[in-house]
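Residues per chain, in single letters:
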Amino acid sequence: MKELNLAFIGNPNCGKTTLFNAYTGANLKVANWPGVTIEKKEESFDYNDIKINVTDLPGIYSLNSYSIEEQISRKYIEEGNADIIIDVIDASSLERNLYLALQLIETGQAVILALNMMDIVKKRGMKININKLEDKLGVKIIPISAKNRSGLDELMETAIEISYSNKVHNIRVKIDNEQDITKKYDYISQIIDECVENKKDREKFTDKIDRILVNKIIGLPIFIAIMSIVFLLTFTVGDFIKEYLELLLELFSNKVLYILNNIGIGPAVTSLIVDGIISGVGGILTFLPNIVILFLCLALLEDSGYMARVAYIMNGIMQKLGLSGKACIPMILGFGCSVPAVMATRTLKSEKDRRRTMLLIPCMSCSAKLPIYVLFAGLFFGKHATIVALSMYLIGVIVAITIGVITQKLDKNIKREKLIVELPEYKIPDFTTVRKYVGEKVKEYLEKAGSIIFIASIILWGVLNIGPTGFVENAEQSFGAVIGKLLVPILKPIGLGYWQIAVSLISGLSAKEVVVASINILYGVETSNSAQLYTILESVGFESLNALCLMIFCLLYVPCIATMATVKNETKSNKFTIKLIAFQILLAWIVTAVIYQILNF
Amino acid sequence: MRFINLSEGITNEEYIIQSINVDKATKSRLQVLGILKETKIIILNKRINGLIIKVRGTRLGLDKEISKLIKIREVRENERVKPCFYRKS
């Protein structure tokens, strides 16, 4: 079977990944801000008995190697990995997109231009004379709409056709100097004059919205309000649905207990299933509604085009931290999950900025910490639960700002990257994109519940039921207690001097949700029976202040293993990763100690 | 013809870039986005720490520090005919 290697290349946010997904059926993340794709991705599919290998490259503005992304793409082209390069062009922003196109054509590589977003162009009443444009550029141009899947066959057929006639060229990537760039843009404006009709601006929609959302005075308050609403919805609506899930789970747990007892399963196995697995994993599943709503809100923010505006609005505040407004995007993503957030720091140009942003990301409460807040705020703060849970987010942000300001003061050599960010047009969030995004997150969450949390629950059950003397009746004599008690003296000054809490904090390193799962198991609470947990905790002197301290400590202490591994991967530095871990533990301890000691006074 | 800094421009007005005096790396980044001498721009929004310009059909958010180092001039009457973009030979 013949094979054909295609590479999708183009400006950021021009729809490469949408096109890649359309062809390959992959579910790679797409959103409406520049820089979503940070790694090259490869997939294959069969087309008319030809095996097509496609590579989706991160978006770039030029081949001049200013950023990591540009270096990746440039290297990819220079090595001649692709038979044909498909330059995806945002037709609604043709003029700027043609610069990269000219550079690509110049390399000598076979290039096809895929003129994407033709639907938007048509809607705007713009007309592009494709034939004339082809004449001017000397390459094939295929109008497509990746979103509506139109023109995809034509594009693929053209690629195959060209692959038969195309001879291998000498690929040479040239770095443009100022003169070259000016020359190219001169030529482009001439092309635009001749090939584009009615280029009158009709994007009034975006300008109108921007007049409010990035307004000098109300822009920042609106951003804060939007984020507050996101978290408020997460807690209120999420909790509302959660209550019903809890009822369902309790019914299920009782049913299982009844069946296991009836078919004569031994008490040890019954205990493992009911007290270990259902209590641990099931308890976590009840938080799914909160998670869904949080990610739904983030998806809407990302797909609407607002995300890039956040970088612009927050530039002033980030400047005080010695960072560019762009560092704000990974931090917002951090409210969802720290792993993609750490990876998203690649959009920052300097390694130093990346590391400083990674230091701040764990302070953004990720979705895994949400169950901890929901549970403990709900148990100990009654009708103020939502405010307490929301305040965790605020505390995280305040701590992040403080760290940012201090590290900036300490380091005199910080050269702040100056903000240059493309602001895409607003659009109504695409239903399919949002559904896939949320679906992907739900899948991840369930997988986590089924793997890490499942295994952690079993291990925990084992650690609590087996001790130095063998099988133990009382958890006080278990290995868990032995380990936990070692840490009690350290945790006492921060109000968490209970061996059970110590064990749950250790187990929380695997994933933060495990803290909640393990507390249920540790205190022998039946599935998500929060009233019972409250009674038990109260009886050992664990009160609202202790709960607050637990939440704050969980907010700030070491992120989960997956995040630490990502930090290690991204920075390629063991030293930095270890420093980060030590720093987070110390930070969490100090902040919690201060709060506990002051409020306990 | 009077030159002013981009940061001093007025919102919704069109201007033409006269010079870009930022550091080399930033300048290169601006250039590939089509921000070159004689390029026509419109200021869409201004904030304390930055501004949004429209250049070659795209909106860009720029740091104020950058906008202080770009010199612009007003558009002459005879240059107004061509929308979006104009370059003098």
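In this text the structure is predicted, and so the values were computed from the model without any measurement.

**Thoughts on the sheet that holds strand 1 (residues 3–5) of chain B**
Within the open sheet, the seven strands sit side by side as 9(A)-5(B)-4(B)-3(B)-2(B)-6(B)-1(B). Their pairing is antiparallel. One side of each edge strand has no neighbouring strand; the edge strands of this open sheet are strand 9 (420–423) of chain A together with strand 1 of chain B. Strand after strand, the sheet turns through a mean of 40° between neighbouring axes, direction not considered. One ladder, built from three bridges, connects strand 2 (residues 14–20) of chain B with strand 3 (residues 40–47) of chain B; its direction is antiparallel. Note on strand 3 of chain B: the bridge partner recorded for Tyr15 of chain B is Ile41 of chain B. Packing of helix 12 (residues 306–313) of chain A onto the sheet brings it into contact with strand 9 of chain A together with strand 3, strand 4 (50–55) and strand 5 (58–63) of chain B, and relative to strand 9 of chain A it is tilted by some 145°.

**Topic: the side chain of Lys326 of chain A**
Topologically, Lys326 of chain A is positioned in the loop between helix 13 (315–320) and helix 14 (328–333). No salt bridge is formed by the buried Lys326 of chain A, whose closest oppositely charged neighbour, Glu417 of chain A, lies at an N-O distance of 4.4 Å. Setting aside residues up to four positions removed in sequence, Lys326 of chain A forms contacts with Ala311, Thr347, Leu348, Lys349, Glu417, Leu419, Ile420 and Val421 of chain A together with Arg29 of chain B.

**Things to note about the pattern of salt bridges**
Residue and element names in this part refer to chain A. Under the definition given, this model contains 31 salt bridges over all chains. A salt bridge links Asp210 to Arg309; its shortest N-O distance comes to 3.0 Å. With a gap of 99 residues between them, Asp210 in helix 8 (residues 204–213) and Arg309 in helix 12 connect regions that are remote in the sequence. For the pair shown, Asp210 and Arg309 are each scored as buried. The salt bridge partner of Glu444 is Lys441, with a shortest N-O separation of 3.9 Å. A residue pair is termed a helical-turn pair when its members lie 3 or 4 positions apart in one helix, as Glu444 and Lys441 do in helix 19 (residues 431–465) at three residues. Among the residues examined, Glu444 registers a relative accessible area of 38% and is labelled partly exposed. For Lys441, a relative accessible area of 15% gives the class buried.

**A few points about the sheet that holds strand 1 (residues 2–10) of chain A**
Residues and elements named next belong to chain A. An order of 2-3-1-4-5-7 is seen for the six strands of this open sheet, with the pairing classed as mixed. Only two strands of the sheet have a single partner each, and these edge strands are strand 2 (41–47) and strand 7 (140–143). Each strand of the sheet is rotated relative to its neighbour by a mean of 25°, with strand direction disregarded. Lying on the sheet, helix 2 (residues 68–78) is in contact with strand 1, strand 2, strand 3 (50–56) and strand 4 (84–90); it crosses strand 1 at an angle near 150°.

**Overview of the packing of helix 16 (residues 351–360) of chain A against helix 25 (residues 561–571) of chain A**
Residues and elements named next belong to chain A. Packing of helix 16 against helix 25 brings their axes to within 11 Å, and their N-to-C directions diverge by 175°. By the angle between their axes, helix 16 is roughly antiparallel relative to helix 25. Together, Glu351, Arg354, Arg355 and Met358 of helix 16 and Val567, Glu570 and Thr571 of helix 25 make up the contact between the two elements. Its residues assigned to classes, the contact of helix 16 with helix 25 shows two nonpolar, one polar and four charged.

**Digging into the domain arrangement of chain A**
Residues and elements named next belong to chain A. Taken domain by domain, chain A comprises domain 1 (2–201) and domain 2 (219–599). Centre-to-centre separation of domain 1 and domain 2, based on C-alpha positions: 40 Å. Carbon and sulfur atoms make up 55% of the surface buried where domain 1 meets domain 2, a total of about 1800 Å² over both sides. Three residues, Asn32, Trp33 and Ile38, lead the burial of domain 1 against domain 2; their summed loss comes to 35% of the area buried on that side. There are four salt bridges connecting domain 1 and domain 2. Salt-bridge contacts for Glu39 lead to Arg346; the nearest nitrogen and oxygen are separated by 3.7 Å. In this structure, the connection of domain 1 to domain 2 is made through nine residue pairs in polar contact (both at pLDDT 80 or more). A breakdown of the residues in the side of domain 1 that touches domain 2 according to their chemical character gives nine nonpolar, five polar and six charged.

**As for the confidence of the model for chain B**
Residues and elements named next belong to chain B. Per-residue confidence for chain B averages 87 on the pLDDT scale, and 89% of its residues sit at or above 70. Confidence over residues 83–89 falls short of pLDDT 50; this stretch has 20 contacts with residues more than four positions distant or in other chains. For this predicted complex, the interface confidence reaches an ipTM of 0.89, while the overall pTM sits at 0.88.

**Overview of helix 12 of chain A**
Taking burial as the measure, the eight residues of helix 12 of chain A include eight buried ones, the bulk of the element. Turning to helix 12 of chain A, its buried residues are Tyr306, Met307, Ala308, Arg309, Val310, Ala311, Tyr312 and Ile313 of chain A.

**Regarding the packing of aromatic side chains**
Residues and elements named next belong to chain A. Applying the stated criterion across every chain yields a total of 18 aromatic pairs over all chains. Of the aromatic side chains, those joined through ring pairs into one cluster are Phe231, Phe235, Phe335, Tyr373 and Tyr393. Sitting above the plane of the Tyr426 ring, Arg309 keeps its charged end 4.1 Å from the centroid. Looking at Arg355, its charged tip hangs above the ring of Phe576, at a distance of 5.0 Å from the centre.

**So, empty space enclosed by the protein**
Following the criterion strictly, the structure yields six cavities of 30 Å³ or more and no others. As a volume, the largest cavity reaches approximately 370 Å³. In this structure, the largest cavity is lined by 24 residues; those nearest its centre are Pro12, Tyr61, Lys326, Thr347 and Lys349 of chain A. Listing elements by their share of the lining of the largest cavity, those giving two or more residues are helix 2, helix 14 and strand 9 of chain A together with helix 1 (24–32) of chain B. The element contributing the most residues to the lining of the largest cavity is strand 9 of chain A, with three residues. The residue inventory of the lining of the largest cavity, partitioned by class, reads 13 nonpolar, five polar and six charged. A domain split of the lining of the largest cavity shows at least three residues from each of domain 1 (2–201) and domain 2 (219–599) of chain A.

**Focus: the layout of surface pockets**
All names here are of chain A. The volume enclosed by the second largest pocket comes to roughly 540 Å³. Lining the second largest pocket are 21 residues, and of these Phe223, Met227, Phe335, Leu394 and Val397 sit closest to its centre. Among the elements of the structure, helix 9 (219–262), helix 13, helix 14 and helix 18 (385–410) are those that each provide at least two residues to the lining of the second largest pocket. Looking at side-chain class alone, the lining of the second largest pocket contains 20 nonpolar, one polar and no charged residues.

Parameters and conventions
Residues numbered from 1 in each chain as written. Chains lettered and ligands numbered in written order. Predicted model: local features only at pLDDT ≥ 70, side-chain atom pairs only at ≥ 80, totals over all residues. Heavy atoms only, no water. Pairing = 2+ DSSP bridges. Helix = DSSP H or I, 4+ residues; strand = E, 2+ residues; numbered from the N terminus. Axes fitted to C-alpha atoms, helices over the stretch in contact; angles between N-to-C directions. Contact = heavy atoms within 4.5 Å. Buried < 20%, exposed > 50% of the residue type's maximum accessible area, 1.4 Å probe, protein only. Lys, Arg positive; Asp, Glu negative; His and termini not counted. Salt bridge = Lys/Arg side-chain N within 4 Å of Asp/Glu carboxyl O. Parallel < 35°, antiparallel > 145°, perpendicular 65-115°, else oblique. Nonpolar A, V, L, I, M, F, W, Y, C, P; charged D, E, K, R; others polar. Domains from an automatic or database assignment. Buried area = accessible area lost by both parts, 1.4 Å probe. Polar contact = N/O pair within 3.5 Å; in protein donor to acceptor, adjacent residues only side chain to side chain. pLDDT = per-residue confidence, 0-100. Phe/Tyr/Trp six-rings, centres within 6.5 Å; stacked < 30°, edge-to-face > 60°. Lys NZ or Arg CZ within 6 Å of the ring centre and 35° of its normal. 1 Å grid on protein atoms, 1.4 Å probe; cavity = no way out; pocket = protein on both sides within 12 Å on 5 of 7 lines; lining within 4 Å. Points joined across faces, edges and corners; volume = space filled by probe spheres on them.

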